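# Commentary on secondary and tertiary structure
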Amino acid sequence: MALTDDAIARIRSMIQSGELPPGTRLPTEQQLSAQMGISRSGVREAVKVLEAARVLDVRRGDGTYVTSLAPRLLLEGLGFAVELLRDDTLLEVMEVRRMLEPVATGLAALRMSDSDLDELEKILDDMHEAADDAELLIQYDTAFHRTVIAATGNETLTSLLDGLSSRTVRARVWRGLIEGNSAHITLSEHEAIYRALCARDQLLAHASALLHVNTSEAWLRTVLSTSSDAPPAG
């Protein structure tokens, strides 16, 4: 493991220094081994780790390349990790969303194009037509917020919030809303966000998004509390 960690650090340093910029083909495993004074097995394992982290792209029969290092690639694993979090930790994720999403929505109010707003209007119409279909509502809810955050033009922020917006959490919240006959509440919150964005009102967009995240967090707490109070099966 120590050799692998050393090899990872050396390759990462070569990328950070610009010696291996995005899109560059790495030297062969044998060349890297000789250059770094590390066994070929250590280099091989390091490449596997960096490939899993989306830093390297191993192309069979062609070689190993540095990826674009775009945020959407490097932060891709965040969503997978969030899906594995336990119930109590999901509330911490919601707290992070509460810190980031309203600010991002406020920024989007200043940067959204007319075509973005048209897309949001269509998604809102689809949400209303979906009525109590949880699967469709989750799909449209995801599309709505992704469109808003992407309008900031900040790929790192978009990738972070996309990863934090766990599908599992959305599913639990929406099912709780539907079972509680309260889906209309969050639909009206989406409409409020949309109206603020149309008005290009940064503060109102921020406040509307904050209210929406707070509502989602409250429902998640309710769902988690109900789950923990349920008697064990069998």
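Each value, and the rule that gives it
Residues numbered from 1 in each chain as written. Predicted model: local features only at pLDDT ≥ 70, side-chain atom pairs only at ≥ 80, totals over all residues. Heavy atoms only, no water. Helix = DSSP H or I, 4+ residues; strand = E, 2+ residues; numbered from the N terminus. Contact = heavy atoms within 4.5 Å. Polar contact = N/O pair within 3.5 Å; in protein donor to acceptor, adjacent residues only side chain to side chain. Phe/Tyr/Trp six-rings, centres within 6.5 Å; stacked < 30°, edge-to-face > 60°. Lys NZ or Arg CZ within 6 Å of the ring centre and 35° of its normal. Axes fitted to C-alpha atoms, helices over the stretch in contact; angles between N-to-C directions. Parallel < 35°, antiparallel > 145°, perpendicular 65-115°, else oblique. Left-handed = near helix turned anticlockwise from the far one by under 90°. Nonpolar A, V, L, I, M, F, W, Y, C, P; charged D, E, K, R; others polar. Salt bridge = Lys/Arg side-chain N within 4 Å of Asp/Glu carboxyl O. Buried < 20%, exposed > 50% of the residue type's maximum accessible area, 1.4 Å probe, protein only.

By the naming in an unreviewed UniProt entry, the chain is FadR/GntR family transcriptional regulator, taken from Dactylosporangium cerinum.

Our next topic: the side chain of threonine 105. Structurally, threonine 105 can be placed in helix α6 (residues 87–111). For threonine 105, the contacting residues outside a window of four places in its chain are Val148, Ile149, Ile193, Leu197, Ala205 and Ala209.

What follows covers the side chain of aspartate 141. When you line up the elements, aspartate 141 lands in helix α8 (residues 134–150). Within the structure, aspartate 141 has its side chain in polar contact with the side chain of histidine 145 (distance 3.1 Å). Contacts of aspartate 141, omitting those with residues within four sequence positions, involve Met127, Arg170, Trp174, His190 and His212.

Here the focus is the packing of aromatic side chains. Counted according to the given criterion, the structure contains zero aromatic pairs. Between the NZ or CZ atom of arginine 59 and the centre of the ring of tyrosine 65, over which it lies, the distance is 3.9 Å.

What follows covers the packing of helix α2 (residues 29–36) against helix α3 (residues 40–52). For any two helices packed against each other, one specifies the crossing angle of their axes together with the interaxial distance. Running from amino to carboxyl end, α2 crosses α3 at an angle of 115 degrees, the nearest separation of the two axes being 9 Å. As far as their axial angle goes, α3 and α2 are roughly perpendicular. For α2 against α3, the interelement crossing comes out right-handed. Here Glu29, Gln30, Leu32, Ser33 and Met36 of α2 lie close against α3, whose contacting residues are Arg40, Val43 and Arg44. Class assignment for the residues of the contact of α2 with α3 results in three nonpolar, two polar and three charged.

It is the contact of α6 with α8, at a shortest axis distance of 8 Å, that shows an interaxial angle of 65 degrees. Contacts between α6 and α8 involve Glu101, Ala104, Thr105 and Ala108 from the first element and His145, Val148 and Ile149 from the second. Class assignment of the residues belonging to the contact of α6 with α8 gives a composition of four nonpolar, two polar and one charged.

On to the pattern of salt bridges, then. In total, this model carries 12 salt bridges according to the counting rule given. Measuring nitrogen to oxygen at the nearest pair gives 2.8 Å for the salt bridge that ties glutamate 217 to arginine 98. Of this pair, glutamate 217 sits in helix α12 (residues 202–229) while arginine 98 sits in helix α6, placing them 119 residues apart in sequence. Look at arginine 98 and you get partly exposed, because its relative accessible area is 28%. Where arginine 221 meets glutamate 217, a salt bridge forms, and the shortest distance between an N and an O atom there is 3.2 Å. Remark: glutamate 217 and arginine 221 occur in helix α12; sequence separation between them is four residues, near one turn of the helix. Under the relative-accessibility criterion, glutamate 217 is labelled buried at 6%. Residues participating in the shared-partner salt-bridge network are Glu29, Arg40 and Arg44.

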